[in-house]
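The lines below spell out each chain.
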Amino acid sequence: MERLEARVVEIKGKCPVFKLGDRIVVEGPEIKLDETDAVCTHAFASLLPYIVALRKGIKPSELGLGRGDRAYVQCLDPGPPYTDGGTVIFEITVIRDEAKKSLEGR
């Protein structure tokens, strides 16, 4: 099963949900709540399309989200001066790539 980790690497403004280093762990279609520090609806809305693509083996560079094996996505909250919150930048890493493993097993 595919496993990804989205880790908070930067916060611009104030985020009421995340702090630096927090992570969201996704395995297959499941958010691993016992390994996840916090979940925010604004952030998850931004992450979800890319989580699905990365789970299917699309490289971050093909999505325009990174140069190596890590993708970078930020949450929807623009922060000051538009809101009282802040935007969070996540680094998404594929921890276990099921597509790659299945190809190697052939």
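Since the model is a prediction, treat every value here as computed from it, not as a measurement. (Residues numbered from 1 in each chain as written. Predicted model: local features only at pLDDT ≥ 70, side-chain atom pairs only at ≥ 80, totals over all residues. Heavy atoms only, no water.)

(A) Quick look at the state of the cysteines. Within this structure, the stated rule accounts for 0 disulfides. Free cysteine: Cys15, not disulfide-bonded; nearest cysteine sulfur from Cys40 at 6.0 Å. (Disulfide = S-S within 2.5 Å.)

(B) Quick look at the packing of aromatic side chains. Here the structure, examined in full by the defined rule, presents 1 aromatic pair. Where Phe18 meets Phe90, the ring centres are 5.2 Å apart and the plane angle is 85 degrees; that geometry is what we call edge-to-face. With a gap of 72 residues between them, Phe18 in the loop between strand E1 (3-13) and strand E2 (23-27) and Phe90 in strand E5 (residues 86-96) connect regions that are remote in the sequence. Looking at Phe18, the relative accessible area reads 5%, which means it is buried. (Phe/Tyr/Trp six-rings, centres within 6.5 Å; stacked < 30°, edge-to-face > 60°. Helix = DSSP H or I, 4+ residues; strand = E, 2+ residues; numbered from the N terminus. Buried < 20%, exposed > 50% of the residue type's maximum accessible area, 1.4 Å probe, protein only.)

(C) Quick look at the pattern of salt bridges. Tallying each qualifying case throughout the model produces 9 salt bridges. Across the pair Asp69 and Arg70 runs a salt bridge, and its minimum N-O distance is 3.7 Å. A relative accessible area of 55% places Asp69 in the exposed class. Where Arg70 meets Glu91, a salt bridge forms, and the shortest distance between an N and an O atom there is 3.6 Å. Of this pair, Arg70 sits in strand E4 (residues 70-74) while Glu91 sits in strand E5, placing them 21 residues apart in sequence. With relative accessibility at 36%, the residue Arg70 sits in the partly exposed group. The exposure class of Glu91 is buried, given its relative accessible area of 14%. Salt bridges linked by common partners bring Arg3, Glu27 and Glu35 together as one network. (Salt bridge = Lys/Arg side-chain N within 4 Å of Asp/Glu carboxyl O.)

(D) How the structure looks around the sheet that holds E1. Taken together, 5 strands build an open sheet; the order of strands is E3-E2-E1-E5-E4 and the sheet is antiparallel. The open sheet terminates on both sides in strands that have one partner only, identified here as strand E3 (30-31) and E4. With 2 bridges joining them, E2 and E3 adopt antiparallel strand pairing. Residue pairing for E3: Val26 is matched across the bridge by Ile31. (Pairing = 2+ DSSP bridges.)

(E) Focus on helix H1 (residues 41-55). Across its 15 residues, H1 extends 20 Å between first and last C-alpha, which sits within 8% of the 21 Å expected from 1.5 Å per residue. The largest bend along H1 measures about 40 degrees and falls at Leu47, with the proline Pro49 one to four residues further on. Of the residues making up H1, those classed as buried are Ala43, Phe44, Ser46, Leu47, Ile51, Ala53, Leu54 and Arg55. Check the buried side of H1 and you find it contacts E1, E2, E3, helix H2 (60-63), E4 and E5. (Expected span 1.5 Å × (residues − 1). Bend = angle between axes of the 7 residues up to and from the residue. Contact = heavy atoms within 4.5 Å.)

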